[in-house]
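Here is how the chains run, residue by residue.
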Amino acid sequence: PGAGSSPGSSPTVLLIPGDHGHPQNSPSGARGSPLAAGSPNPGVLVGGSGRQDPSSLGTPHPHGSSIHLPAPRPPGSPAAEPGSSAPGSAGEPPEDEEQGWAPPERRSPGTEATASPVAATVQDGRVSPVPPQPLSDEALRRRLLELGDNPGPITELTRRLPELAAALRTGHAPDCARDELELVQQFDRPDRSRQWREGLVKSSFNYLLLDPRATQNLPLRSQSLSPAERFRTFVEGIFYVGKGTRARPYCHLTEALSQHRAGTQRGCPKVRRILEIWASGQGVISVHCFQNSVPAEAYTREGCLVEALGLQTLTNQRMGKCYGAVASWPGERRRRLGVHMLLRAMSIFLAEGERQLRPVDIQGGR
């Protein structure tokens, strides 16, 4: 027992690679062990005095990745069963896989973070891989540039939505013509024995509300921009995606009109965005697309568009809902179709030109 040991504590034990399950008593304390000091065949410290600082037990792995050591067990506590993992170990999934990050690794003070793609953790005497730390947006961009790729802007949005990120980088849509045809064919002659949402009258369409402060009359200057620049500008301008009939898009403007008259800025994010646009002296752009469809088809298109853009960039309060066969598609397939439809909607916008709707253009406005 070293000087720092306490009554009832377990002795420090070394597990040496190649010595299968035969621990040896340590000839010296954790700090003085020649194996812990970085010998060519380092052992792994798995026990120790209850007073020892666990952070002082880390040793560099011969291949550059770090070794994570389990914390000492209190006297009398049951040993971990074979194959079990402690909280935060490699046996658990990352805390939020969708955001692309994993729990931070525990390192010894002064130990440098390595560029090794695989870190390791020790569990029951075995070394298991764990996910590496994520790179920052700027670091990831630099790394991709070094590998010969031009990733374009890297943000939380593009990390979450790779289908949209690819189109923003190239300006080209994924080939989803067959997917869109499958969607259209199902709703062109829908099964009338089923109860479809809001009936089967083909009077619906989709619309996008755009902010002219972002588009800056994109149709007029689109010829001087690259395909990627055109598409990025279009996407940056979209702040709401909807499904409607007749004058549905103008209901949002009418909703904001009372606030405009009173000089207030209350309401949902969509209304506040409209008021901001009007306060700048400009008007809201409403782009209509995919017309003459049954409501279920328009709702499905809305769902794919919202899923492709992500709620982070929109003032929509919830994700849309898909119907028919599309509802059972994996999310990636729906997002790809949504990006495909965004490119089609942009072509309609570029062909028709930018038309702004100000308070005086709304019935009852001034």
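Thresholds, definitions, all that
- Residues numbered from 1 in each chain as written.
- Predicted model: local features only at pLDDT ≥ 70, side-chain atom pairs only at ≥ 80, totals over all residues.
- Heavy atoms only, no water.
- Helix = DSSP H or I, 4+ residues; strand = E, 2+ residues; numbered from the N terminus.
- Buried < 20%, exposed > 50% of the residue type's maximum accessible area, 1.4 Å probe, protein only.
- Areas by Shrake-Rupley, 256 points an atom, 1.4 Å probe, with all protein chains shown as cover.
- Pairing = 2+ DSSP bridges.
- Contact = heavy atoms within 4.5 Å.
- Axes fitted to C-alpha atoms, helices over the stretch in contact; angles between N-to-C directions.
- Salt bridge = Lys/Arg side-chain N within 4 Å of Asp/Glu carboxyl O.
- Phe/Tyr/Trp six-rings, centres within 6.5 Å; stacked < 30°, edge-to-face > 60°.
- Arc of directions from axis to C-beta.
- pLDDT = per-residue confidence, 0-100.
- Core = buried A, V, L, I, M, F, W, Y, C linked by side-chain atoms within 4.5 Å.

In the annotation of an unreviewed UniProt entry, the entry for the protein reads ANKL1 protein, and the organism field reads Todus mexicanus.

*Asks:* I tried to follow the overall build of the protein on my own but got confused; where do I start?
*Replies:* In terms of regular secondary structure, the protein is built from eleven helices and ten strands. Put simply, the protein has 366 residues, and 40% of those count as buried. When the accessible surface of the protein is summed, it comes to about 20400 Å², and 51% of that surface belongs to carbon and sulfur atoms.

*Asks:* Is there a simple way to explain the sheet that holds strand β9 (residues 284–293) in this structure?
*Replies:* Strands in a sheet are paired, the pairing made by backbone hydrogen bonds, and the direction either parallel or antiparallel. Strand order in the open sheet formed by four strands is β8-β7-β9-β10, with antiparallel pairing between adjacent strands. The open sheet has two edge strands with one neighbour each: β8 (238–245) and β10 (356–357). The sheet contacts of helix α9 (residues 269–279) involve β7 (204–210), β8, β9 and β10, and relative to β8 the element is tilted by about 115 degrees.

*Asks:* I'm lost on the pattern of salt bridges in this one. Help?
*Replies:* Side-chain pairing between opposite charges can occur once the charged atoms of the two side chains come close. Applying the stated criterion across every chain, the model contains 15 salt bridges. In this structure, the salt-bridge partner of R333 is D179, at a minimum N-O distance of 2.8 Å. With R333 in helix α11 (residues 331–352) and D179 in helix α4 (residues 177–188), the pair connects residues that are 154 residues apart, well separated along the chain. Judged by its relative accessible area of 28%, R333 is partly exposed. The class for D179 is buried, based on a relative accessible area of 14%. As a salt-bridge pair, K202 and D188 come within 2.9 Å of each other at their nearest N and O atoms. Remark: D188 occurs in helix α4 and K202 occurs in the loop between α4 and β7; sequence separation between them is 14 residues. Judged by its relative accessible area of 38%, K202 falls in the partly exposed class. A relative accessible area of 41% means that D188 is categorised as partly exposed. Members of the salt-bridge network, linked through shared partners, are E163, E307, R334 and R335.

*Asks:* Explain the packing of aromatic side chains to me, please; I cannot follow it from the model alone.
*Replies:* Any aromatic ring pair is given by two values, namely how distant the centres are and how the planes are angled relative to each other. Applying the stated criterion across every chain, the model contains five aromatic pairs. With 5.9 Å between their ring centres and 35 degrees between their planes, F234 and F349 make a pair best called tilted. Within this pair, whereas F234 is found in helix α7 (residues 227–237), its partner F349 is found in helix α11, the two being separated by 115 residues in sequence. Residue F234 is classed as buried on the basis of its relative accessible area, which comes to 0%.

*Asks:* Honestly, the side chain of T233 in this entry has me stumped. Any pointers?
*Replies:* Following the sequence through the fold, T233 ends up in helix α7. Taking the relative accessible area as the measure of exposure, T233 reaches 12% and is therefore buried. Apart from the residues lying within four places of it in its own chain, the contact partners of T233 are A214, T215, L218 and R221.

*Asks:* I would appreciate a short explanation of the pairing of β7 in the present structure.
*Replies:* Within β7, seven of the seven residues are buried, which leaves it mostly tucked inside the rest of the structure. Of the two faces of β7, the one holding S204, N206, L208 and L210 and the one holding F205, Y207 and L209 are both buried throughout. Looking at chain direction, β7 and β8 are connected through seven bridges and run antiparallel. By the bridge assignment for β8, S204 is matched with T245. As paired strands, β7 and β9 are joined by six bridges and run antiparallel to one another. Paired with L208 across the bridge in β9 is V287.

*Asks:* Would you mind showing me how to read α9 here?
*Replies:* Every α-helix carries 3.6 residues per turn, so stepping three or four residues along brings you back to the same face. If you check which residues of α9 are buried, you get K270, V271, I274, L275, I277 and W278. What you see down the axis of α9 is that its buried residues fit within an arc of 160 degrees, all on one side. Where the residues of α9 are buried, they touch β7, α5 (212–215), β8, α8 (248–262), β9 and β10. In the segment just after α9, G281 is the residue with positive phi, at about 90 degrees.

*Asks:* Which parts of the structure should I look at to understand the confidence of the model for the protein?
*Replies:* Caution applies to low-pLDDT regions: their predicted coordinates should not be interpreted in detail. Looking at the protein, the pLDDT average stands at 75 and 60% of residues meet or exceed 70. Note on residues 19–52: pLDDT under 50 across the span, and 64 contacts to partners over four residues away in sequence or across chains.

*Asks:* Would you take a moment to explain the environment of L225 for this structure?
*Replies:* Tracing the backbone through its elements, the reader meets L225 in the loop between α6 (218–221) and α7. Beyond its immediate chain neighbours, meaning those up to four positions away, L225 contacts L218 and R230.

*Asks:* I tried to follow unusual backbone geometry on my own but got confused; where do I start?
*Replies:* For residues that are not glycine, phi is negative in most cases, and the peptide bond is trans in most cases. In the Ramachandran plot, Q216 falls in the positive-phi region, its phi being about 50 degrees despite a non-glycine side chain. Mapped onto the fold, Q216 is located in the loop between α5 and α6. One non-glycine residue with positive phi stands out, namely F290, at about 55 degrees. Tracing the backbone through its elements, the reader meets F290 in strand β9.

*Asks:* I would appreciate a short explanation of the nonpolar core in the present structure.
*Replies:* When a protein is soluble and globular, its nonpolar side chains tend to lie buried together. Grouped together as the largest cluster of nonpolar side chains are 42 residues, with contacts concentrated most on L164, F231, F234 and I238. Elements supplying a minimum of two residues to this core: α3 (162–170), α4, β7, α7, β8, β9, α10 (295–309) and α11. When near neighbours in sequence (up to four residues on either side) are disregarded, F231 contacts L164, A167, L168, G171, V339, L342, L343 and M346. In this structure, F239, L253, V271 and I277 belong to the second largest nonpolar core, which totals 16 residues.

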